[in-house]
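Residues per chain are reported as follows:
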Amino acid sequence: MQPAKKILVTGIILLAAISAFGYYFWYTPKFSRPVHHHHFAFTENITNDVTVLRLKSKAILAKHFTVEEGFNETHCFLLDMRLPSGKNRFFVYNLEKDSIEMAGLVTHGSGSDNGSGDLSFSNMANSNCTSLGKYKIGQSYSGKFGLAFKLHGLDKTNSKAFERYVVLHAHACVPNDEIAPLPICQSWGCPTVSPAFLVQLKKYMDKSEAPILLWIYY
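Note that the structure is a prediction, hence the values are computed from the model and not measured.

On to the confidence of the model for the protein. Averaged over all residues, the pLDDT of the protein equals 85, while 79% of them reach at least 70. Note that residues 5–9 has pLDDT below 50 and, in this model, 2 contacts with residues that lie over four places away or in other chains.

This is the structure:
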């Protein structure tokens, strides 16, 4: 082999070796990070965020309601439908500590998505819409989608929830982690969460002697 060609081949081999080493050194660790085992923990420091301010103002009203109506006075579930579906908008709120304890994804009804970017809401049967308002979380049962909790609408805007079979349940189409700006799947009006998130929510229901308030707002 001529010296010039030999130098060229050696250079190519050396370059390939350096590239391979660089790929392993820089990229492999990204695939070997520890798995995150604390889904739904809310640790972001966004105390000045509009979402948190909206939550805190709603929590003040929720606290008065739970005391007056005999609901669980420690925790409530607040669902902010102003947020896109690909972001966490189902919040477990600690009323005693005035803080967000957990957060997860939740669907809205397919009938609420009118294509304008703003959601619409309805209390009508067969509308497939989300209904705004306060709900009492009722008894659990095993239904079409497994574990589910009956919901009793407490306002004029959701008074037909029970007869519409609007319940809190889980579905595999709802991921555990945020996927925004992509949207998640839609329901027929039920607030639907991921199976893993429902397991966490069930713990609050199991520990509570009083009903837990679930409030969907916009």
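There's more to say after this.
A word on helix H2 (residues 50–69). In an α-helix, one full turn covers 3.6 residues, which means residues spaced three or four apart are oriented alike. In this model, H2 (20 residues) spans 28 Å end to end at C-alpha, consistent with the 28 Å of a helix rising 1.5 Å per residue. Of the residues making up H2, those classed as buried are Thr51, Val52, Leu55, Lys58, Ala59, Ala62, Phe65 and Thr66. Buried residues along H2 sit against strand E1 (75–80), strand E2 (90–94), strand E3 (99–104), strand E4 (133–143) and strand E8 (213–217). Regarding H2, its N-cap is Asp49, as a side-chain oxygen of that residue lies 2.8 Å from the backbone nitrogen of Thr51 further along. Looking at the residues trailing H2, positive phi occurs at Gly70, about 75 degrees.

Attention now goes to the packing of aromatic side chains. In the structure shown here, the tally under the stated rule is 6 aromatic pairs. Seen from their ring centres, Phe77 and Phe90 are 5.5 Å apart, and the 50 degrees between their planes marks the pair as tilted. Placement of the pair is Phe77 in strand E1 and Phe90 in strand E2, with a sequence separation of 13 residues. Centre to centre, the rings of Phe90 and Phe197 are 5.3 Å apart; their planes meet at 85 degrees, and the pair counts as edge-to-face.

Reading the values: the criteria
Residues numbered from 1 in each chain as written. Predicted model: local features only at pLDDT ≥ 70, side-chain atom pairs only at ≥ 80, totals over all residues. Heavy atoms only, no water. pLDDT = per-residue confidence, 0-100. Contact = heavy atoms within 4.5 Å. Helix = DSSP H or I, 4+ residues; strand = E, 2+ residues; numbered from the N terminus. Expected span 1.5 Å × (residues − 1). Buried < 20%, exposed > 50% of the residue type's maximum accessible area, 1.4 Å probe, protein only. Polar contact = N/O pair within 3.5 Å; in protein donor to acceptor, adjacent residues only side chain to side chain. Phe/Tyr/Trp six-rings, centres within 6.5 Å; stacked < 30°, edge-to-face > 60°.

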